[in-house]
Amino acid sequence: MKQKLERFREQFKEHKMTPQRRVVLQALLENSESHLSAEEVYALAKEIDSEIGLATIYRTLDLLEELNIVHKLHFGDGRSRYELCHVSSEHHHHHLVCLNCNQILEVKEDLLHQLETVIEKEHGFHIIDHRVQFYGYCAQCDKTKSNT
C-alpha cells in the first residue's frame, strides 16, 4: 500500500501529503474498483482514522480532482462519485448504470477511438477525452423485471 501511495507524491508537488490525505487515498486505493460517494469514502476513512471529518473528505476529494488523481462522476442519482484516474489508459472506460438497483458496471473496451478520428478530421476538433454512460437494467434486475 505504501508503494501505491508513493506514486501520487509527484502530483502533490505544491501540496503537503497530510495524514488525512493519505487516509483518503488509501481508502480509494483499497476500493479502486468502486465508484464511491464522499460519504462512502468518509465511512471507509473513518475505519482507518476515527478522527477524520466529513469536511476533510470533501476538501481532499476536491484537491484530488484538481490534481487529476480522481475523476468526479455523475450518474444521475444526485450524488457525485469518485474513482481513481487510470494513468495507464488513454481514455476513460465507460459505465453501465442500472436504473433499478443503481449498480455501476465498467466497460473496459474503448470502442469510440474510430469515431473520435472521424470527428477530429471532419470538424478539425482535437479530442482529449470522452465519457460515456449507458443507462438500463443489469442482468439481475432485467431478469427480475421479466418475471413479474
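In what follows, the structure referred to is the one given above.
What comes next concerns the included structure. (Residues numbered from 1 in each chain as written. Predicted model: local features only at pLDDT ≥ 70, side-chain atom pairs only at ≥ 80, totals over all residues. Heavy atoms only, no water.)

**Section: the side chain of R81**
- Checked against the element boundaries, R81 lands in strand 3 (residues 80–84).
- Within the local environment of R81, its side chain forms a polar contact with the side chain of E40, the two groups lying 3.4 Å apart.
- Discounting residues that sit within four places of it in the chain, R81 has contacts with H35, L36, S37, E40, H71, K72, L73, F75 and I104. (Helix = DSSP H or I, 4+ residues; strand = E, 2+ residues; numbered from the N terminus. Polar contact = N/O pair within 3.5 Å; in protein donor to acceptor, adjacent residues only side chain to side chain. Contact = heavy atoms within 4.5 Å.)

**With respect to the sheet that holds strand 3**
- Spatial ordering of the open sheet is given by 1-3-2, a layout of 3 strands whose pairing is antiparallel. If you trace the sheet from one side to the other, it starts and ends with strand 1 (36–37) and strand 2 (70–74), each paired once.
- Summarising the sheet, strand 2 and strand 3 pair through 5 bridges and their orientation is antiparallel. In the sheet register, L73 faces strand 3, and the bridge partner there is R81. (Pairing = 2+ DSSP bridges.)

**Looking at the packing of helix 2 (residues 19–30) against helix 4 (residues 54–66)**
- Across the interface, helix 2 lies against helix 4 with an axial gap of 10 Å and an inter-helix angle of 75°. With respect to helix 4, the element helix 2 is oriented roughly perpendicular. Contact residues: Q20, R21, V24, L25 and L28 in helix 2; T56, I57, T60, L61, L63 and L64 in helix 4.
- Across the contact of helix 2 with helix 4, the residue classes break down as 7 nonpolar, 3 polar and 1 charged. (Axes fitted to C-alpha atoms, helices over the stretch in contact; angles between N-to-C directions. Parallel < 35°, antiparallel > 145°, perpendicular 65-115°, else oblique. Nonpolar A, V, L, I, M, F, W, Y, C, P; charged D, E, K, R; others polar.)

**Section: the pattern of salt bridges**
- Counted by the stated rule, this structure contains 2 salt bridges.
- The residue R79 makes a salt bridge to E39 at a minimum N-O spacing of 3.9 Å. Taken together, the residues span a long stretch of sequence, with R79 in the loop between strand 2 and strand 3 and E39 in helix 3 (residues 38–48) at a distance of 40 residues.
- When its relative accessible area of 33% is taken as the criterion, R79 is described as partly exposed.
- Under the relative-accessibility criterion, E39 is labelled partly exposed at 37%.
- Salt-bridge contacts for R81 lead to E40; the nearest nitrogen and oxygen are separated by 3.4 Å. (Salt bridge = Lys/Arg side-chain N within 4 Å of Asp/Glu carboxyl O. Buried < 20%, exposed > 50% of the residue type's maximum accessible area, 1.4 Å probe, protein only.)

**Regarding the nonpolar core**
- Counting 22 residues, the largest nonpolar core has F12, V24, L28, I57, L64 and I69 as its most contacted members.
- The leading source of residues in this core is helix 2, at 5 residues.
- Not counting residues within four places of it along the chain, the set of residues in contact with L64 comprises F12, V24, L25, L28, I69 and V70. (Core = buried A, V, L, I, M, F, W, Y, C linked by side-chain atoms within 4.5 Å.)

**Re the sheet that holds strand 4 (residues 94–98)**
- Sheet architecture is open: 3 strands sit in the order 5-4-6, paired in mixed fashion. Of all the strands in the sheet, the pair left with one neighbour each is strand 5 (104–107) and strand 6 (133–136). When strand polarity is set aside, the average angle formed by the axes of neighbouring strands in this sheet is 25°.
- As paired strands, strand 4 and strand 6 are joined by 4 bridges and run parallel to one another. Bridge pairing links C98 to G136 in strand 6.

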